[in-house]
Amino acid sequence: MRLCFLVEEQYRHDGMPLDVIRQLGAWGHQVDVLWPGRSLIPISEAIQAGSHDAWVLKTVSGGPGLTLLEAAASVGLTTVNDVRAIRGVRDKALAAVIARRSGLPVPVTYAAARPEEFAEIAEAEFPLVVKPADGSSGRAVRLVATPDRLLDPVEPAGAGDLGAPGGGLLIAQPYVPNSGTDLKVYSVAGELYATERCSPLHPAHAVRERQVPLTPDIARLAAEVGTVFGLDLYGVDILLGPDGPVVVDINDFPSFRQVPDAVARVSAAILDLARHGTAGQGAGPAAQRTSEQPTTGQPTTGQPTAAPATTGPAAAASATTPPFTAAPVAPPVPRPSRPAASIGGGR
(Lines give C-alpha, C1' and ligand atoms only; values in the text may rest on other atoms or scores of the structure.)
Protein backbone atom coordinates (compact mmCIF):
# COMPACT_ATOMS: atom_id res chain seq x y z
CA MET A 1 0.00 0.00 0.00
CA ARG A 2 1.05 3.63 -0.40
CA LEU A 3 0.38 5.94 2.53
CA CYS A 4 1.04 9.61 3.23
CA PHE A 5 1.70 10.91 6.75
CA LEU A 6 1.35 14.58 7.66
CA VAL A 7 3.69 15.20 10.60
CA GLU A 8 4.14 18.65 12.11
CA GLU A 9 7.26 20.05 13.74
CA GLN A 10 6.19 19.26 17.29
CA TYR A 11 6.22 15.53 16.49
CA ARG A 12 9.33 15.29 14.27
CA HIS A 13 11.14 13.28 16.98
CA ASP A 14 8.07 11.63 18.52
CA GLY A 15 7.87 7.85 18.60
CA MET A 16 4.23 8.14 17.66
CA PRO A 17 3.98 8.37 14.67
CA LEU A 18 7.63 7.98 13.57
CA ASP A 19 7.89 4.41 14.84
CA VAL A 20 4.65 3.60 13.03
CA ILE A 21 6.09 5.03 9.81
CA ARG A 22 9.18 2.84 10.22
CA GLN A 23 7.07 -0.22 10.98
CA LEU A 24 4.91 0.23 7.90
CA GLY A 25 8.04 0.59 5.80
CA ALA A 26 9.48 -2.59 7.34
CA TRP A 27 6.28 -4.39 6.34
CA GLY A 28 6.87 -3.43 2.72
CA HIS A 29 4.52 -0.48 2.36
CA GLN A 30 5.51 2.83 0.77
CA VAL A 31 5.17 5.75 3.16
CA ASP A 32 5.54 9.36 2.04
CA VAL A 33 5.96 11.97 4.77
CA LEU A 34 4.96 15.62 4.43
CA TRP A 35 6.13 18.17 7.00
CA PRO A 36 3.58 21.05 6.88
CA GLY A 37 5.51 23.22 9.32
CA ARG A 38 8.92 23.22 7.65
CA SER A 39 8.70 22.39 3.96
CA LEU A 40 7.27 23.54 0.64
CA ILE A 41 4.45 21.21 -0.41
CA PRO A 42 3.41 21.12 -4.09
CA ILE A 43 -0.22 20.52 -3.27
CA SER A 44 -1.40 20.50 -6.90
CA GLU A 45 0.73 17.42 -7.53
CA ALA A 46 0.81 15.83 -4.08
CA ILE A 47 -2.93 15.87 -3.44
CA GLN A 48 -4.56 13.94 -6.25
CA ALA A 49 -7.17 11.20 -6.37
CA GLY A 50 -5.49 7.82 -6.44
CA SER A 51 -2.11 9.11 -5.26
CA HIS A 52 -2.30 7.20 -1.95
CA ASP A 53 -4.43 4.56 -0.28
CA ALA A 54 -4.79 6.80 2.78
CA TRP A 55 -3.50 9.98 4.42
CA VAL A 56 -2.73 10.03 8.14
CA LEU A 57 -2.48 13.15 10.31
CA LYS A 58 -0.33 13.76 13.39
CA THR A 59 -0.48 17.45 14.08
CA VAL A 60 -1.20 20.09 16.69
CA SER A 61 -4.74 21.44 16.88
CA GLY A 62 -4.06 24.79 15.22
CA GLY A 63 -1.48 23.59 12.72
CA PRO A 64 -1.74 23.62 8.91
CA GLY A 65 -1.88 19.83 8.63
CA LEU A 66 -5.64 19.61 9.05
CA THR A 67 -6.23 21.84 6.02
CA LEU A 68 -4.04 19.55 3.92
CA LEU A 69 -5.90 16.50 5.21
CA GLU A 70 -9.20 18.14 4.29
CA ALA A 71 -7.80 18.81 0.83
CA ALA A 72 -6.93 15.11 0.49
CA ALA A 73 -10.46 14.16 1.52
CA SER A 74 -11.91 16.63 -0.98
CA VAL A 75 -10.39 14.66 -3.90
CA GLY A 76 -11.68 11.36 -2.54
CA LEU A 77 -8.69 10.07 -0.59
CA THR A 78 -9.27 8.06 2.60
CA THR A 79 -8.09 9.88 5.73
CA VAL A 80 -7.21 8.39 9.13
CA ASN A 81 -9.09 9.44 11.16
CA ASP A 82 -11.96 10.63 8.96
CA VAL A 83 -11.32 14.34 8.52
CA ARG A 84 -14.83 15.33 9.65
CA ALA A 85 -14.32 13.43 12.88
CA ILE A 86 -10.98 15.17 13.48
CA ARG A 87 -12.54 18.60 13.00
CA GLY A 88 -15.27 17.65 15.48
CA VAL A 89 -12.81 17.00 18.31
CA ARG A 90 -10.07 19.51 17.50
CA ASP A 91 -12.43 22.37 18.38
CA LYS A 92 -13.24 21.73 22.05
CA ALA A 93 -16.21 24.10 21.99
CA LEU A 94 -17.72 22.20 19.06
CA ALA A 95 -16.88 18.87 20.68
CA ALA A 96 -18.68 19.87 23.88
CA VAL A 97 -21.87 20.66 21.97
CA ILE A 98 -21.75 17.44 19.93
CA ALA A 99 -21.09 15.36 23.03
CA ARG A 100 -23.86 16.92 25.11
CA ARG A 101 -26.37 16.68 22.27
CA SER A 102 -25.55 12.98 21.98
CA GLY A 103 -26.05 12.31 25.69
CA LEU A 104 -22.41 11.85 26.63
CA PRO A 105 -21.60 12.90 30.22
CA VAL A 106 -19.67 16.13 29.77
CA PRO A 107 -19.50 19.20 32.03
CA VAL A 108 -21.58 22.29 31.30
CA THR A 109 -19.44 24.39 28.94
CA TYR A 110 -19.12 28.14 28.41
CA ALA A 111 -17.24 29.92 25.61
CA ALA A 112 -15.70 33.40 25.43
CA ALA A 113 -12.97 35.22 23.56
CA ARG A 114 -11.51 36.76 26.74
CA PRO A 115 -11.13 35.15 30.18
CA GLU A 116 -12.72 38.08 32.00
CA GLU A 117 -16.04 37.30 30.30
CA PHE A 118 -16.30 34.18 32.46
CA ALA A 119 -16.87 36.46 35.47
CA GLU A 120 -20.54 36.49 34.43
CA ILE A 121 -20.79 32.81 35.41
CA ALA A 122 -22.43 32.33 38.80
CA GLU A 123 -19.80 32.15 41.53
CA ALA A 124 -21.40 28.92 42.77
CA GLU A 125 -20.10 27.22 39.62
CA PHE A 126 -16.49 28.03 40.47
CA PRO A 127 -13.83 26.69 40.47
CA LEU A 128 -13.68 26.57 36.67
CA VAL A 129 -11.34 24.74 34.36
CA VAL A 130 -10.39 27.23 31.61
CA LYS A 131 -8.55 26.22 28.44
CA PRO A 132 -8.16 27.18 24.78
CA ALA A 133 -10.78 25.70 22.49
CA ASP A 134 -7.98 24.71 20.11
CA GLY A 135 -5.58 23.54 22.81
CA SER A 136 -3.59 20.32 22.87
CA SER A 137 -1.15 18.46 25.14
CA GLY A 138 -2.52 20.25 28.22
CA ARG A 139 -1.38 23.67 26.93
CA ALA A 140 -2.68 26.61 29.01
CA VAL A 141 -5.17 24.52 30.98
CA ARG A 142 -5.73 26.02 34.42
CA LEU A 143 -7.98 25.82 37.43
CA VAL A 144 -9.56 29.16 38.37
CA ALA A 145 -10.78 29.14 41.97
CA THR A 146 -12.77 32.40 42.00
CA PRO A 147 -13.86 35.08 39.49
CA ASP A 148 -11.17 37.49 40.67
CA ARG A 149 -8.48 35.01 39.56
CA LEU A 150 -9.57 34.87 35.92
CA LEU A 151 -6.87 37.27 34.75
CA ASP A 152 -4.02 35.58 36.60
CA PRO A 153 -1.19 34.77 34.16
CA VAL A 154 -1.19 31.28 32.72
CA GLU A 155 2.44 30.99 31.62
CA PRO A 156 5.48 33.28 31.51
CA ALA A 157 4.82 36.47 29.57
CA GLY A 158 4.70 35.94 25.83
CA ALA A 159 4.18 32.17 26.11
CA GLY A 160 0.57 31.99 25.04
CA ASP A 161 -1.47 33.74 27.72
CA LEU A 162 -5.19 33.16 27.51
CA GLY A 163 -6.97 36.02 25.84
CA ALA A 164 -3.85 37.29 24.06
CA PRO A 165 -4.37 38.64 20.53
CA GLY A 166 -4.89 35.79 18.12
CA GLY A 167 -5.46 33.44 21.06
CA GLY A 168 -8.79 32.20 19.74
CA LEU A 169 -11.86 31.05 21.64
CA LEU A 170 -11.68 29.87 25.24
CA ILE A 171 -13.93 27.41 27.03
CA ALA A 172 -14.69 27.09 30.74
CA GLN A 173 -16.26 24.17 32.59
CA PRO A 174 -17.08 23.71 36.27
CA TYR A 175 -14.40 21.64 37.97
CA VAL A 176 -15.36 18.01 38.53
CA PRO A 177 -14.14 16.92 42.00
CA ASN A 178 -11.83 13.94 41.60
CA SER A 179 -8.89 12.10 43.16
CA GLY A 180 -6.27 13.90 41.06
CA THR A 181 -5.89 10.92 38.74
CA ASP A 182 -6.98 11.05 35.12
CA LEU A 183 -8.20 7.94 33.34
CA LYS A 184 -7.08 7.85 29.71
CA VAL A 185 -8.73 5.30 27.45
CA TYR A 186 -7.15 4.62 24.06
CA SER A 187 -9.02 3.09 21.14
CA VAL A 188 -7.05 1.35 18.40
CA ALA A 189 -9.81 0.71 15.82
CA GLY A 190 -12.09 -0.93 18.38
CA GLU A 191 -9.50 -2.30 20.81
CA LEU A 192 -9.70 -0.38 24.09
CA TYR A 193 -6.94 0.12 26.66
CA ALA A 194 -7.20 2.07 29.93
CA THR A 195 -4.32 3.90 31.63
CA GLU A 196 -4.14 6.23 34.58
CA ARG A 197 -1.89 9.24 35.05
CA CYS A 198 -1.54 12.41 37.09
CA SER A 199 -4.05 15.15 36.31
CA PRO A 200 -2.47 18.32 34.83
CA LEU A 201 -4.54 20.25 37.37
CA HIS A 202 -2.94 18.35 40.27
CA PRO A 203 0.78 18.07 39.41
CA ALA A 204 1.73 17.49 43.05
CA HIS A 205 -0.38 14.33 43.18
CA ALA A 206 2.03 11.45 42.64
CA VAL A 207 0.58 8.94 40.18
CA ARG A 208 2.59 6.34 38.28
CA GLU A 209 1.38 6.17 34.70
CA ARG A 210 0.31 2.60 34.06
CA GLN A 211 -2.21 0.40 32.33
CA VAL A 212 -5.23 -0.43 34.48
CA PRO A 213 -8.21 -2.77 34.12
CA LEU A 214 -11.01 -1.48 31.92
CA THR A 215 -14.43 -1.76 33.51
CA PRO A 216 -17.52 -2.48 31.38
CA ASP A 217 -19.02 0.96 32.13
CA ILE A 218 -15.87 2.81 31.08
CA ALA A 219 -15.52 0.58 28.00
CA ARG A 220 -19.07 1.40 26.92
CA LEU A 221 -18.49 5.11 27.48
CA ALA A 222 -15.20 5.17 25.55
CA ALA A 223 -16.76 3.17 22.70
CA GLU A 224 -19.73 5.52 22.55
CA VAL A 225 -17.36 8.49 22.19
CA GLY A 226 -15.90 6.85 19.08
CA THR A 227 -19.37 6.15 17.71
CA VAL A 228 -20.63 9.69 18.32
CA PHE A 229 -17.60 11.38 16.73
CA GLY A 230 -16.82 8.78 14.06
CA LEU A 231 -13.27 8.14 15.31
CA ASP A 232 -11.14 5.01 14.92
CA LEU A 233 -7.81 5.99 16.52
CA TYR A 234 -8.42 8.19 19.55
CA GLY A 235 -8.02 8.81 23.26
CA VAL A 236 -10.61 9.87 25.84
CA ASP A 237 -9.80 11.62 29.13
CA ILE A 238 -12.30 10.53 31.78
CA LEU A 239 -12.68 11.72 35.37
CA LEU A 240 -14.37 9.57 37.97
CA GLY A 241 -16.48 12.27 39.62
CA PRO A 242 -18.98 12.04 42.48
CA ASP A 243 -21.84 11.49 40.01
CA GLY A 244 -20.01 8.98 37.84
CA PRO A 245 -17.57 9.13 34.92
CA VAL A 246 -17.27 12.43 33.02
CA VAL A 247 -15.63 12.95 29.62
CA VAL A 248 -13.33 15.99 29.78
CA ASP A 249 -11.26 15.68 26.59
CA ILE A 250 -11.03 13.73 23.33
CA ASN A 251 -7.92 13.45 21.15
CA ASP A 252 -7.49 12.05 17.66
CA PHE A 253 -4.30 10.03 17.10
CA PRO A 254 -2.90 10.37 20.65
CA SER A 255 0.39 8.96 22.00
CA PHE A 256 -1.03 5.51 22.91
CA ARG A 257 1.34 5.40 25.88
CA GLN A 258 1.15 2.20 27.94
CA VAL A 259 -0.73 0.36 25.15
CA PRO A 260 0.98 -3.04 24.71
CA ASP A 261 2.75 -3.36 21.34
CA ALA A 262 1.33 0.05 20.43
CA VAL A 263 3.42 0.50 17.27
CA ALA A 264 2.37 -2.84 15.75
CA ARG A 265 -1.26 -2.39 16.78
CA VAL A 266 -1.59 1.14 15.44
CA SER A 267 0.24 0.24 12.23
CA ALA A 268 -2.05 -2.74 11.63
CA ALA A 269 -5.11 -0.59 12.32
CA ILE A 270 -3.99 2.06 9.81
CA LEU A 271 -3.58 -0.58 7.11
CA ASP A 272 -7.02 -2.01 7.81
CA LEU A 273 -8.65 1.43 7.79
CA ALA A 274 -6.89 2.28 4.53
CA ARG A 275 -8.26 -0.91 2.98
CA HIS A 276 -11.79 -0.88 4.35
CA GLY A 277 -12.65 2.70 5.23
CA THR A 278 -13.05 4.58 8.49
CA ALA A 279 -15.91 4.96 10.95
CA GLY A 280 -16.53 8.56 9.90
CA GLN A 281 -17.44 7.46 6.39
CA GLY A 282 -20.94 6.62 7.61
CA ALA A 283 -22.34 3.97 5.31
CA GLY A 284 -18.90 2.82 4.20
CA PRO A 285 -17.41 -0.62 4.86
CA ALA A 286 -16.21 0.16 8.38
CA ALA A 287 -19.64 1.33 9.51
CA GLN A 288 -21.36 -1.64 7.88
CA ARG A 289 -18.95 -4.06 9.51
CA THR A 290 -19.59 -2.52 12.93
CA SER A 291 -23.36 -2.62 12.55
CA GLU A 292 -23.28 -6.31 11.57
CA GLN A 293 -21.50 -7.36 14.77
CA PRO A 294 -23.22 -7.90 18.13
CA THR A 295 -22.55 -5.22 20.71
CA THR A 296 -20.83 -5.99 23.98
CA GLY A 297 -20.01 -4.23 27.21
CA GLN A 298 -16.44 -5.57 27.15
CA PRO A 299 -13.44 -4.07 25.35
CA THR A 300 -12.20 -5.81 22.23
CA THR A 301 -8.67 -7.12 22.67
CA GLY A 302 -7.82 -8.86 19.40
CA GLN A 303 -4.14 -9.28 18.56
CA PRO A 304 -2.88 -8.09 15.17
CA THR A 305 -0.99 -10.77 13.25
CA ALA A 306 1.57 -8.23 12.04
CA ALA A 307 5.26 -8.69 12.69
CA PRO A 308 6.79 -7.24 15.88
CA ALA A 309 7.72 -3.56 15.81
CA THR A 310 11.06 -2.86 14.16
CA THR A 311 13.56 -1.17 16.45
CA GLY A 312 17.23 -0.33 16.60
CA PRO A 313 19.62 1.30 14.10
CA ALA A 314 18.18 -0.46 11.05
CA ALA A 315 14.72 0.89 11.79
CA ALA A 316 16.03 4.40 12.35
CA ALA A 317 17.96 4.30 9.08
CA SER A 318 14.87 3.24 7.15
CA ALA A 319 13.05 6.41 8.21
CA THR A 320 15.53 9.03 7.04
CA THR A 321 13.90 9.89 3.73
CA PRO A 322 10.58 8.81 2.21
CA PRO A 323 9.50 6.48 0.78
CA PHE A 324 10.34 3.83 3.39
CA THR A 325 10.37 0.25 2.09
CA ALA A 326 11.27 -3.19 3.32
CA ALA A 327 10.39 -6.82 2.67
CA PRO A 328 6.62 -7.42 2.90
CA VAL A 329 5.03 -9.65 5.50
CA ALA A 330 1.58 -11.13 5.88
CA PRO A 331 -1.12 -8.45 6.28
CA PRO A 332 -2.99 -8.05 9.56
CA VAL A 333 -6.38 -9.61 10.08
CA PRO A 334 -9.43 -7.32 9.77
CA ARG A 335 -10.01 -5.20 12.86
CA PRO A 336 -12.74 -6.15 15.32
CA SER A 337 -15.86 -4.09 15.61
CA ARG A 338 -16.08 -1.29 18.17
CA PRO A 339 -18.32 -2.10 21.11
CA ALA A 340 -21.12 0.41 21.50
CA ALA A 341 -23.87 1.25 23.92
CA SER A 342 -26.04 4.22 24.77
CA ILE A 343 -24.80 6.49 27.53
CA GLY A 344 -27.06 8.34 29.93
CA GLY A 345 -27.58 12.07 30.26
CA GLY A 346 -24.88 14.68 30.82
CA ARG A 347 -23.62 16.14 34.05
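Reading the values: rules and limits
Residues numbered from 1 in each chain as written. Predicted model: local features only at pLDDT ≥ 70, side-chain atom pairs only at ≥ 80, totals over all residues. Heavy atoms only, no water. Helix = DSSP H or I, 4+ residues; strand = E, 2+ residues; numbered from the N terminus. Buried < 20%, exposed > 50% of the residue type's maximum accessible area, 1.4 Å probe, protein only. Contact = heavy atoms within 4.5 Å. Areas by Shrake-Rupley, 256 points an atom, 1.4 Å probe, with all protein chains shown as cover. Core = buried A, V, L, I, M, F, W, Y, C linked by side-chain atoms within 4.5 Å. Pairing = 2+ DSSP bridges. Axes fitted to C-alpha atoms, helices over the stretch in contact; angles between N-to-C directions. Salt bridge = Lys/Arg side-chain N within 4 Å of Asp/Glu carboxyl O.

**Focus on the overall build of the protein**
- When its secondary structure is counted, the protein shows nine helices and 13 strands.
- Among the 347 residues that make up the protein, the fraction classed as buried is 50%.
- Looking at the protein alone, contacts between residues at least 24 apart form 70% of all its contacts between residues at least 6 apart.
- Element-wise, carbon and sulfur atoms account for 54% of the exposed surface of the protein, whose accessible area totals about 15000 Å².

**Some details on the nonpolar core**
- Ranked by internal contacts, the top residues of the largest apolar core, which has 34 residues, are F5, L233, F256, V266 and I270.
- Those elements that place two or more of their residues in this core are β1 (2-7), α1 (15-26), β2 (30-34), β3 (54-58), β9 (181-188) and α7 (262-276).
- For this core, the element with the highest residue contribution is α7, accounting for nine residues.
- Excluding residues that lie within four positions of it along the chain, V266 makes contacts with M16, V20, V188, L233, F253 and F256.

**Examining the sheet that holds strand β8 (residues 170-174)**
- Spatially, four strands are ordered β5-β8-β6-β7 in an open sheet, and the strand pairing comes out antiparallel. Each having just a single partner strand, β5 (110-112) and β7 (142-144) make up the two edges of the open sheet. Across this sheet, the average inter-strand angle for adjacent strands is 30°, counted without regard to direction.
- The pairing of strand β6 (residues 128-132) with β8 spans five bridges and is classified as antiparallel. Bridge pairing in β8 links P132 to L170.

**So, the pattern of salt bridges**
- Taken as a whole and assessed by the stated rule, the structure comprises 17 salt bridges.
- A salt bridge links R12 to E9, with the nearest nitrogen and oxygen atoms 3.0 Å apart.
- Given a relative accessible area of 37%, E9 falls into the partly exposed group.
- Between E196 and R210 there is a salt bridge, with its nearest N and O atoms 3.0 Å apart. Here E196, found in strand β10 (residues 191-198), pairs with R210, found in strand β11 (residues 210-212); they are 14 residues apart in sequence, far enough to count as distant.

**Comments concerning unusual backbone geometry**
- Looking along the chain, the bond that leaves V80 and enters N81 is cis, with omega of -5°.
- Looking at the element boundaries, N81 is found in the loop between β4 (79-80) and α4 (83-90).
- For the peptide bond that leads from F126 to P127, omega is 0°, which places it in the cis range.
- Summarising the element assignment, P127 is placed in the loop between β5 and β6.
- Phi at A189 takes a positive value of approximately 50°, unusual for a residue other than glycine.
- Examined against the element boundaries, A189 turns out to sit in the loop between β9 and β10.
- Positive phi, close to 70°, is recorded for Q258, a residue that is not glycine.
- Mapped onto the elements, Q258 comes out in the loop between β13 (244-252) and α7.

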